[in-house]
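Each chain is listed here by its residues.
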Amino acid sequence: SRDSSWHWPEISFGGAAVKWATDNQDRKSIDRDIQDIDLVLPMLGDLPLRAIHQRALEPFIQERRDSGRASSTVKRTLSTVTRILNAAHTVYRDDWGNPWLSSVPKFFLPEWGEARKRIGISIDEQACLLEALSEDLRDIAHFILNTGLRESEVRGLRWDMEERPQRNSLVFKLPKTLRKNKRELLVFCNDIAGQIANKRRLNGSEWVFARPDGRQKAARLSSSGWRNGRLRAMSLFEQRYGGLRQSKLDCLKVHDLRHTFAERLREQGINMDTCGDLLGHAGRGVTAHYCRAKSTELINAVKTLERYEVPKKSRTGNVITMADHRKNV
């Protein structure tokens, strides 16, 4: 029997995090989850699981707030921490069958009320960004700007997902396992996106966007290469346009490229339903977050009421002109 004076070595949070990430490597959001883990490991990695609680996380939360991070971003990281602790409590056991963690603490989720505004880049900003990025990152960024895909979807794109071309356009079918909302999506490539993909056919890899050795899919775009690239892009923009025009390239996120794709579609008069289908949204409420109507579109909409037609089911087919109606009021 086990000596009552002997205690089984405690599992550290870092050890549990590695175990959880390994067991969940097929999870769609695992790249982002690992990013969250990397953020907290310097502060929490060596602590035993029982020492992970609200007070232990307060320095991390405050540091993220001081660095200008959105509270929603910090909540996302805390949710990853909670998933690891839940697994340590409900799934993982020591050699005696005891859970690694006896109970899971509750966290007060931060809320400092800010909401980061979407950033849509102009064609001139796009030119500076693509010039400043390395070739691999440039191709992925340019592909997102022309397809609206998420970074994880582009990186997970394989040649066996290719469908029969339609109107000479390259088409891919993303499986539900690769999608955030677990719904298949047909990706229609315009000439720009098609050329970017086709030049990679001879890379000898199953992945459309692969690492140089071709054995793995491309690395995350949101890396030091991206961060340094956007700073170079900001410098290029300032050199070319001086103080005449302002830019936010220095804080551009990869997901903003998807927002830019959506906004450009709306600017070209593409209706909301079509935008939602291209973005792969299940509901139009999410689409509205990506592509709001422009001022000119809203003005044109209200101007249609200046000449309002009575519905056909009415007894009269008269046309009511609002300007004339005001005269009679």
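What you see is a predicted model, and the numbers here were worked out from it, not measured in a lab.

Participant: Run through the pattern of salt bridges, naming residues and quoting values.
Facilitator: Applying the stated criterion to the full structure yields 18 salt bridges. Where Glu10 meets Arg50, a salt bridge forms, and the shortest distance between an N and an O atom there is 2.5 Å. A residue pair is termed long-range when its members are at least 10 positions apart, and Glu10 in the segment before α1 (13-23) and Arg50 in the loop between α2 (30-44) and α3 (54-66) qualify at 40 residues. We classify Arg50 as exposed; its relative accessible area is 60%.

Participant: Pulling in residues and values, what's your account of unusual backbone geometry?
Facilitator: Positive phi values are uncommon outside glycine, yet Arg167 reaches one of about 50 degrees. As for its placement among the helices and strands, Arg167 is situated in the loop between α7 (151-155) and β1 (171-174). For Arg167, a relative accessible area of 85% puts it in the exposed group. For Asn168, which is not a glycine, the phi torsion comes out positive at approximately 65 degrees. Examined against the element boundaries, Asn168 turns out to sit in the loop between α7 and β1.

Participant: Let's hear about the packing of aromatic side chains: which residues, and what values?
Facilitator: Per the stated rule, a full pass over the model turns up four aromatic pairs. Ring plane angle 45 degrees and centroid distance 6.1 Å describe the contact between Trp159 and Phe172, whose orientation is recorded as tilted. Taken together, the residues span a long stretch of sequence, with Trp159 in the loop between α7 and β1 and Phe172 in strand β1 at a distance of 13 residues. The ring of Tyr241 is capped by Arg245, whose NZ or CZ atom sits 4.5 Å from the centre of that ring.

Participant: Break down the packing of helix α6 (residues 135-147) against helix α8 (residues 191-198) for me, citing the residues and quoting the values.
Facilitator: Where α6 meets α8, the axes come as close as 9 Å, and the angle between the chain directions of the two elements is 145 degrees. Crossing of α6 over α8 shows left-handed handedness. Contact residues: α6 offers Asp139, His142, Phe143, Asn146 and Thr147, while α8 offers Ile192, Ala193, Ile196 and Ala197. Split into classes, the residues belonging to the contact of α6 with α8 amount to five nonpolar, three polar and one charged.

Participant: Can you explain α6? Please cite residues and give values.
Facilitator: Across its 13 residues, α6 extends 18 Å between first and last C-alpha, which sits within 8% of the 18 Å expected from 1.5 Å per residue. Along α6, 10 of the 13 residues are buried, which leaves the element largely enclosed by surrounding structure. Within α6, burial applies to Leu137, Asp139, Ile140, Ala141, His142, Phe143, Ile144, Leu145, Asn146 and Thr147. Just downstream of α6 lies Gly148, where phi reads positive at about 75 degrees.

Participant: Describe the pairing of strand β2 (residues 185-188), with residues and values.
Facilitator: Along β2, the buried face is formed by Leu185 and Val187; none of Leu186 and Phe188, which line the opposite face, is buried. Here β1 pairs with β2 via four bridges, running antiparallel. Opposite Leu174, over in β2, you have Leu185 as the bridge partner.

Participant: Describe the confidence of the model for the protein, and please don't skip the residues or the numbers.
Facilitator: When pLDDT is averaged along the protein, the result is 82; 81% of the residues meet or exceed 70. Mean pLDDT values over the elements of the protein span from 48, in helix α14 (residues 322-328), up to 95, in α1. Every residue in residues 1-6 scores below 50 in pLDDT, and together they form three contacts with partners more than four places removed in sequence or on other chains.

Participant: Describe the packing of helix α5 (residues 123-132) against helix α9 (residues 224-241), naming the residues involved and giving the relevant values.
Facilitator: Running from N to C, α5 and α9 cross one another at 130 degrees; their axes reach a closest spacing of 8 Å. One way to sum up the angle between α5 and α9 is to call them oblique. Helix-helix and strand crossings are classified by hand; for α5 and α9 the assignment is right-handed. For the pair α5 and α9, contact is made by Asp124, Glu125, Cys128, Leu129, Glu131 and Ala132 and by Trp226, Gly229, Arg230, Arg232, Ala233, Leu236, Phe237, Arg240 and Tyr241, respectively. Broken down by class, the residue content of the contact of α5 with α9 amounts to eight nonpolar, one polar and six charged.

Participant: How would you explain the nonpolar core if you had to name every residue and give the values?
Facilitator: Ranked by size, the top nonpolar core spans 41 residues in total, and within it Leu129, Phe143, Phe172, Phe209, Trp226, Leu249 and Leu257 carry the most contacts. Ranked by residue count, the leading element in this core is α6, at six residues. Leaving out residues up to four positions away in the same chain, Leu129 has contacts with Ile121, Trp226, Arg230, Ala233, Leu249, Leu252 and Leu257. One finds Ile52, Ile61, Val81 and Phe107 within the second-largest nonpolar core, a separate group that totals 25 residues.

Participant: Tell me what's going on with the side chain of Gln126, and back it up with residues and numbers.
Facilitator: Inspection of the secondary structure puts Gln126 in helix α5. With relative accessibility at 11%, the residue Gln126 sits in the buried group. Within the structure, the side chain of Gln126 is placed 2.6 Å from the side chain of Arg264, a separation counted as a polar contact. Every residue in contact with Gln126, bar those within four places of it in the chain, is listed here: Ile121, His142, Leu145 and Arg264.

Thresholds, definitions, all that
- Residues numbered from 1 in each chain as written.
- Predicted model: local features only at pLDDT ≥ 70, side-chain atom pairs only at ≥ 80, totals over all residues.
- Heavy atoms only, no water.
- Salt bridge = Lys/Arg side-chain N within 4 Å of Asp/Glu carboxyl O.
- Helix = DSSP H or I, 4+ residues; strand = E, 2+ residues; numbered from the N terminus.
- Buried < 20%, exposed > 50% of the residue type's maximum accessible area, 1.4 Å probe, protein only.
- Phe/Tyr/Trp six-rings, centres within 6.5 Å; stacked < 30°, edge-to-face > 60°.
- Lys NZ or Arg CZ within 6 Å of the ring centre and 35° of its normal.
- Axes fitted to C-alpha atoms, helices over the stretch in contact; angles between N-to-C directions.
- Left-handed = near helix turned anticlockwise from the far one by under 90°.
- Contact = heavy atoms within 4.5 Å.
- Nonpolar A, V, L, I, M, F, W, Y, C, P; charged D, E, K, R; others polar.
- Expected span 1.5 Å × (residues − 1).
- Pairing = 2+ DSSP bridges.
- pLDDT = per-residue confidence, 0-100.
- Parallel < 35°, antiparallel > 145°, perpendicular 65-115°, else oblique.
- Core = buried A, V, L, I, M, F, W, Y, C linked by side-chain atoms within 4.5 Å.
- Polar contact = N/O pair within 3.5 Å; in protein donor to acceptor, adjacent residues only side chain to side chain.

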